[in-house]
Amino acid sequence: MTMQIAFTTELGTLYQGDCLDVLASMADESVDLVFADPPFNLGKDYGHGIDDLLDEDHYLAWCEKWINECARVLKPGGAFYLYNIPKWNIPLGGFMNATGLMFRHWIALDIKLSLPIQKKLYPSHYSLLYYTKGKPKFFERPRLPIQVCRHCGGDVKDYGGHRNKLHPDGINLSDVWTDIPPVRHRSTKVRGANALSEKLLERVLTISSEPGDVVFDPFGGSGTTFAVAERMHRHWSGSEIGDVEPIRRRLAGEAALDVMPGLGDAAKGVKAS
Ligand SMILES: C[S@@+](CC[C@H](N)C(=O)[O-])C[C@H]1O[C@@H](n2cnc3c(N)ncnc32)[C@H](O)[C@@H]1O
């Protein structure tokens, strides 16, 4: 077993090592929320000997292992979110079903900036699977502000004539999220490879966790989950097999040392299928 504590904070612990080793060391039913954003098997260079272009059976068998483990460590009523391209989340959802977790939603995250692909529809969403272990013990449905035209200030939709019946705090969040920005500009993408938007993690943690809950992320990356957990007063733990220095720096509020591209995975996934 090759894993070690990389660092701790008052709220969390990051392990450097393989998530399967870290998960094996964790007790049954010990976390309230799992958020997993694994490599998408699109041949990305993660820079430390990870093969991100496995044959499909191999990739799926690996995913099944950590999905089973994540389901095991989840508390009853806890939530498990899995972010991937649609091509993979179809079979990965099957693995989640097989663990006995309860399907709640396939959330479509609208992506911008992918390129049209010949003889294919324009790929325009990532998939975020949302499961719970039995009935959710916590669920808060956020409301989004009623969309207005930025030029004229009028409503963007007509709400079928029921505008006056809308809740003053906004519209119920649906399972299509169009307001999550990609982390793409050099000025904002200061956090290394594949960083997700903090807004995405804020939303997930808002829907399915309370302050003091324990959040686990097996694929730390640049540490988005941990940074948001810290800000929202959740306990957290996680693993990263590669360089953990970007995560340490981010949580310590130090400037990032590098930025990496890594955009358009959903598009690539569709292309490769
Ligand atoms: C898509 S990135 C996660 C990005 C992260 N959500 C963020 O916002 O920064 C996947 C990460 O998983 C890591 N990884 C790959 N295989 C792993 C394994 N077996 N155990 C732990 N981490 C792994 C990669 O090094 C990479 O940093």
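Check the entry above for the structure.
Every value quoted in this text rests on a predicted model; they were computed, and no experiment measured them.

Asks: Provide a residue-level description of empty space enclosed by the protein, including the pertinent values.
Replies: Applying the stated criterion across every chain yields a total of 1 cavity of 30 Å³ or more. Its volume calculated, the largest cavity comes out at about 40 Å³. Around the largest cavity, the lining residues are Asp32, Gly77, Gly78, Ala79, Tyr130, Thr132, Pro136, Lys137, Phe138, Ser208 and Asp213. Of the residues forming the lining of the largest cavity, the biggest block, 3 residues, is contributed by strand E4 (residues 74–84).

Asks: Give me the lowdown on the site of the ligand, citing residues and values where you can.
Replies: In the neighbourhood of the ligand, 22 residues make up the surrounding shell, with Asp37, Leu196, Ser222, Thr224 and Glu240 lying closest. Asp18 places a side-chain nitrogen or oxygen 3.2 Å from a nitrogen atom of the ligand. The separation between a nitrogen atom of the ligand and a polar main-chain atom of Cys19 is 2.8 Å. Starting from 600 Å² of accessible surface for the ligand in isolation, the protein chains cover 96%. Looking at side-chain class alone, the shell around the ligand contains 11 nonpolar, 8 polar and 3 charged residues.

Asks: Any details on the sheet that holds strand E6 (residues 125–132)? Residues and values, ideally.
Replies: Strand order in the open sheet formed by 9 strands is E1-E2-E11-E10-E3-E4-E6-E5-E9, with mixed pairing between adjacent strands. Among the strands making up the open sheet, the edge pair consists of strand E1 (3–8) and strand E9 (176–177). Where strand E5 (residues 102–110) and E6 come together, 8 bridges link them in antiparallel fashion. Counted as the bridge partner of Ile107 is Leu128 from E6. Across the sheet, helix H2 (residues 56–73) is in contact with strand E3 (31–36), E4 and strand E10 (214–217); its angle to E4 comes to roughly 150°.

Asks: An account of the layout of surface pockets is requested, with residue identities and associated values reported.
Replies: Space left empty within the atom packing is revealed by a probe, the size of a water molecule, rolled over the atoms. The space that makes up the second largest pocket amounts to roughly 420 Å³. The wall of the second largest pocket is formed by 15 residues, among which Leu144, Pro145, Gln147, Lys157 and Thr178 lie closest to the centre. For the lining of the second largest pocket, the secondary-structure elements that each account for two or more residues are strand E8 (171–172) and E9. Class assignment for the residues of the lining of the second largest pocket results in 9 nonpolar, 4 polar and 2 charged.

Asks: Got a sec to walk through the nonpolar core? Specific residues and values, please.
Replies: Among the nonpolar cores identified, the biggest contains 61 residues, and Phe35, Trp66, Phe80, Tyr81, Leu128, Trp177 and Leu200 are the most heavily contacted of them. Non-local contacts of Trp177, meaning those with residues more than four positions away in its chain, are made with Ile107, Ala108, Leu109, Asp110, Leu128, Leu200, Arg203, Val204 and Ile207.

Asks: I'd like to hear about the pattern of salt bridges, residue by residue, with values.
Replies: Taken as a whole, this structure holds 15 salt bridges when the rule is applied. A salt bridge links Lys199 to Asp179, with the shortest nitrogen-to-oxygen separation between them at 3.5 Å. Residue Lys199 is found in helix H4 (residues 198–208), and its partner Asp179 is found in the loop between E9 and H4; the two are separated by 20 residues along the sequence. Assessed through its relative accessible area of 24%, Asp179 is described here as partly exposed. The residue Arg203 makes a salt bridge to Asp179 at a minimum N-O spacing of 2.6 Å. Of this pair, Arg203 sits in helix H4 while Asp179 sits in the loop between E9 and H4; the two residues are 24 residues apart in sequence, bridging distant segments of the chain.

Asks: Describe in detail H2, supporting the description with residues and values.
Replies: Under the 1.5 Å per step criterion, the end-to-end length of H2 is 26 Å for 18 residues, consistent within 8% with the ideal 26 Å. Those residues of H2 that fall on the buried side of the exposure criterion are Tyr59, Leu60, Cys63, Trp66, Ile67, Glu69, Cys70, Ala71 and Val73. Buried residues along H2 sit against helix H1 (19–24), E3, E4, helix H3 (86–98) and E10.

Asks: Break down the side chain of Ser197 for me, citing the residues and quoting the values.
Replies: Here Ser197 is to be found in the loop between E9 and H4. A distance of 3.0 Å separates a polar side-chain atom of Ser197 from the backbone nitrogen of Lys199.

Asks: So what's going on with the packing of H2 against H3? Residues and values would help.
Replies: With their axes 10 Å apart at the nearest point, H2 and H3 run at an angle of 45° to one another. Regarding the angle of H2 to H3, the classification is oblique. For the pair H2 and H3, the crossing hand works out as right-handed. Residues Glu56, Tyr59, Leu60, Cys63, Glu64 and Ile67 of H2 form the contact with H3, whose participating residues are Lys87, Trp88, Pro91, Leu92, Phe95 and Met96. Residue composition of the contact of H2 with H3, by class: 9 nonpolar, no polar and 3 charged.

Asks: Go over unusual backbone geometry, please, and point to the residues and values.
Replies: Here the phi dihedral of Asn41 falls at roughly 60°; this positive angle occurs in a residue that is not glycine. Residue placement: Asn41 occurs in the loop between E3 and H2. Non-glycine residue His233 carries a positive phi angle of around 60°.

The rules behind the values
Residues numbered from 1 in each chain as written. Predicted model: local features only at pLDDT ≥ 70, side-chain atom pairs only at ≥ 80, totals over all residues. Heavy atoms only, no water. 1 Å grid on protein atoms, 1.4 Å probe; cavity = no way out; pocket = protein on both sides within 12 Å on 5 of 7 lines; lining within 4 Å. Points joined across faces, edges and corners; volume = space filled by probe spheres on them. Helix = DSSP H or I, 4+ residues; strand = E, 2+ residues; numbered from the N terminus. Near = heavy atom within 4 Å. Polar contact = N/O pair within 3.5 Å; in protein donor to acceptor, adjacent residues only side chain to side chain. Areas by Shrake-Rupley, 256 points an atom, 1.4 Å probe, with all protein chains shown as cover. Nonpolar A, V, L, I, M, F, W, Y, C, P; charged D, E, K, R; others polar. Pairing = 2+ DSSP bridges. Contact = heavy atoms within 4.5 Å. Axes fitted to C-alpha atoms, helices over the stretch in contact; angles between N-to-C directions. Core = buried A, V, L, I, M, F, W, Y, C linked by side-chain atoms within 4.5 Å. Buried < 20%, exposed > 50% of the residue type's maximum accessible area, 1.4 Å probe, protein only. Salt bridge = Lys/Arg side-chain N within 4 Å of Asp/Glu carboxyl O. Expected span 1.5 Å × (residues − 1). Parallel < 35°, antiparallel > 145°, perpendicular 65-115°, else oblique. Left-handed = near helix turned anticlockwise from the far one by under 90°.

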